[in-house]
Amino acid sequence: DQQVKQNSPSLSVQEGRISILNCDYTNSMFDYFLWYKKYPAEGPTFLISISSIKDKNEDGRFTVFLNKSAKHLSLHIVPSQPGDSAVYFCAASGVNDYKLSFGAGTTVTVRA
Amino acid sequence: GAGVSQSPSNKVTEKGKDVELRCDPISGHTALYWYRQSLGQGLEFLIYFQGNSAPDKSGLPSDRFSAERTGGSVSTLTIQRTQQEDSAVYLCASSLEALASYEQYFGPGTRLTVT
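The model shown is predicted, which means the values in this text are computed figures rather than measured ones.

Participant: Can you help me understand the confidence of the model for chain B in this one?
Facilitator: When pLDDT drops low, the exact placement of atoms in the prediction is not to be read closely. In the predicted model, chain B carries a mean pLDDT of 93, and 99% of its residues have values of at least 70. Across chain B, the secondary-structure element scoring lowest on mean pLDDT is strand E5 (residues 43-50) of chain B, at 92, and the one scoring highest is strand E2 (residues 10-13) of chain B, at 98.

So, in structure tokens, the structure goes:
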């Protein structure tokens with residue numbers, strides 16, 4: 001039972017443009033959300049997070065938006081760079097929990 | 001400092017054999033997690049260790065899977081009588097504390113192929 005869904009398996013974007021990655025969740029108990037980035041043959045690395053008390057969190061080129069009523073979050077990367085080409089995983093948890101539920105990932109390819 | 005390390009990086013085994021996968025967490029991290037990523041799937045939680053507390057084994061898919069963490073540090077995931085559906089990348093992560101707000105640091109994974 002997938003509680004976190006990333007419906008777009010891949011995304012191709014031109015260098016300098018915006019990348020928008022989407023994520024939906026079904027468990028209303030989730031109140032903490034994270035994005036991880038993964039390069040081939042490496043483990044995922046933490047990118048950015050947001051708690052349910054906020055609807056936006058920004059860190060440099062990366063911004064995460066949370067729409068609790070729609071149970072939807074998105075990651076914006078502006079501007080996209082070639083080094084951003086990777087698999088991006090959305091994850092969710094209860095803030096007082098330790099288990100992370102992950103989506104299947106979106107492969108981002110940034111074209112020069 | 002050193003990150004999370006896992007060994008072996010790749011393992012090919014015949015159906016029915018047992019395998020052991022090793023994880024060395026970051027020193028001082030009290031929480032250790034095992035995940036599995038099957039082809040086209042997200043990371044699936046398997047098991048969690050926190051200090052000397054009893055582990056949370058709720059994600060283990062069958063009784064062929066077991067794990068231990070010795071001395072609060074190194075962990076071994078054992079799969080007995082491997083099946084082809086066990087083929088996946090097995091990822092280990094550690095964090096300073098066992099809360100989602102504490103970043104989980106992942107190792108590079110062990111790619112297991114059962115033939």
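Alright, that's what it looks like, and here's the rest.
Participant: I keep staring at the interface of chain A and chain B and nothing clicks. Help me out?
Facilitator: Taken together, the contact between chain A and chain B spans 21 residues of the former and 21 residues of the latter. Together, the buried faces of chain A and chain B total about 1600 Å²; carbon and sulfur atoms form 60% of this surface. Across the chain A-chain B interface, the total number found is 1 salt bridge. The residue Asp56 of chain B makes a salt bridge to Lys99 of chain A at a minimum N-O spacing of 3.5 Å. Remark: the boundary between chain A and chain B carries 6 residue pairs in polar contact (both at pLDDT 80 or more).

Participant: I would appreciate a short explanation of the nonpolar core in the present structure.
Facilitator: As a rule of thumb, soluble globular proteins bury nonpolar side chains together. Residues and elements named next belong to chain A. Counting residues in each nonpolar core, the largest one holds 23 residues, and the members touching the most others are Phe33, Trp35, Leu73, Leu75 and Tyr88. Only strand E3 (19-25), strand E4 (32-38), strand E5 (45-51), strand E7 (62-67), strand E8 (72-77), strand E9 (86-93) and strand E11 (106-111) provide two or more residues apiece to this core. Element by element, the count of residues in this core is highest for E9, at 4 residues. Once residues within four sequence positions are removed from consideration, Phe33 is found in contact with Tyr25, Ile48, Ser49, Ile50, Leu66, Leu73, Ala91 and Ala92.

Participant: Looking at this structure, how should I read the environment of Ser53 of chain B?
Facilitator: All names here are of chain B. Here Ser53 shows up in the loop between E5 and strand E6 (65-69). Using a relative accessible area of 45% as the deciding quantity, one classes Ser53 as partly exposed. On a C-alpha basis, the gap between Ser53 and Gly72 in space is 10.0 Å, while along the polypeptide they are 19 residues apart.

Participant: What should I look at first to understand the sheet that holds strand E3 (residues 19-24) of chain B in this one?
Facilitator: Strand-to-strand pairing in sheets goes through backbone hydrogen bonds, with the strands running parallel or antiparallel. All names here are of chain B. Taking strand neighbours across the sheet as the criterion, the 4 strands line up as E1-E3-E7-E6 in an open arrangement whose pairing is antiparallel. Since the sheet does not close on itself, it has two edges, and those belong to strand E1 (5-7) and E6, each with one partner. When the angles between neighbouring strand axes are averaged without regard to direction, this sheet yields 15 degrees. As paired strands, E6 and strand E7 (residues 75-79) are joined by 5 bridges and run antiparallel to one another. Each bridged residue has a counterpart across the sheet, and for Arg69 the counterpart in E7 is Ser75.

Participant: Can you help me understand the pairing of E3 of chain B in this one?
Facilitator: Remark: a regular strand shows side chains that alternate across the two faces of the sheet. All names here are of chain B. The two faces of E3 differ: Val19, Leu21 and Cys23 on one face are buried, but Glu20, Arg22 and Asp24 on the other face are not. The pairing of E1 with E3 spans 3 bridges and is classified as antiparallel. Each bridged residue has a counterpart across the sheet, and for Gln6 the counterpart in E3 is Cys23. In terms of strand pairing, E3 meets E7 through 5 bridges, oriented antiparallel. Considered in E7, the bridge of Val19 is made with Ile79.

Participant: Any chance you could explain the packing of aromatic side chains here in plain terms?
Facilitator: One pair of aromatic rings is described through two measures. These are the centre distance and the angle between the planes. Enumeration over the complete set of coordinates arrives at 13 aromatic pairs over all chains. Geometrically, the ring pair formed by Tyr36 of chain A and Phe46 of chain A is edge-to-face, given 6.0 Å between the ring centres and 75 degrees between the ring planes. Placement of Tyr36 of chain A in strand E4 and of Phe46 of chain A in strand E5 is noted, with a sequence separation of 10 residues between them. A ring pair is formed by Phe102 of chain A and Phe106 of chain B, whose centres lie 6.2 Å apart and whose planes are at 80 degrees; its orientation type is edge-to-face.

Participant: What exactly am I supposed to notice about the pairing of E9 of chain A here?
Facilitator: All names here are of chain A. Across the 8 residues of E9, 7 count as buried, placing the element largely inside the fold. Inspection of the sheet shows E4 paired to E9 by 7 bridges, in the antiparallel sense. If you follow Phe33 over to E9, its bridge partner there is Ala92. As judged from the 3 bridges shared by E9 and E11, these two strands associate in the antiparallel manner. Residue pairing across strands places Ala86 opposite Val108, the latter belonging to E11.

Definitions and cut-offs
Residues numbered from 1 in each chain as written. Chains lettered and ligands numbered in written order. Predicted model: local features only at pLDDT ≥ 70, side-chain atom pairs only at ≥ 80, totals over all residues. Heavy atoms only, no water. pLDDT = per-residue confidence, 0-100. Helix = DSSP H or I, 4+ residues; strand = E, 2+ residues; numbered from the N terminus. Contact = heavy atoms within 4.5 Å. Buried area = accessible area lost by both parts, 1.4 Å probe. Salt bridge = Lys/Arg side-chain N within 4 Å of Asp/Glu carboxyl O. Polar contact = N/O pair within 3.5 Å; in protein donor to acceptor, adjacent residues only side chain to side chain. Core = buried A, V, L, I, M, F, W, Y, C linked by side-chain atoms within 4.5 Å. Buried < 20%, exposed > 50% of the residue type's maximum accessible area, 1.4 Å probe, protein only. Pairing = 2+ DSSP bridges. Axes fitted to C-alpha atoms, helices over the stretch in contact; angles between N-to-C directions. Phe/Tyr/Trp six-rings, centres within 6.5 Å; stacked < 30°, edge-to-face > 60°.

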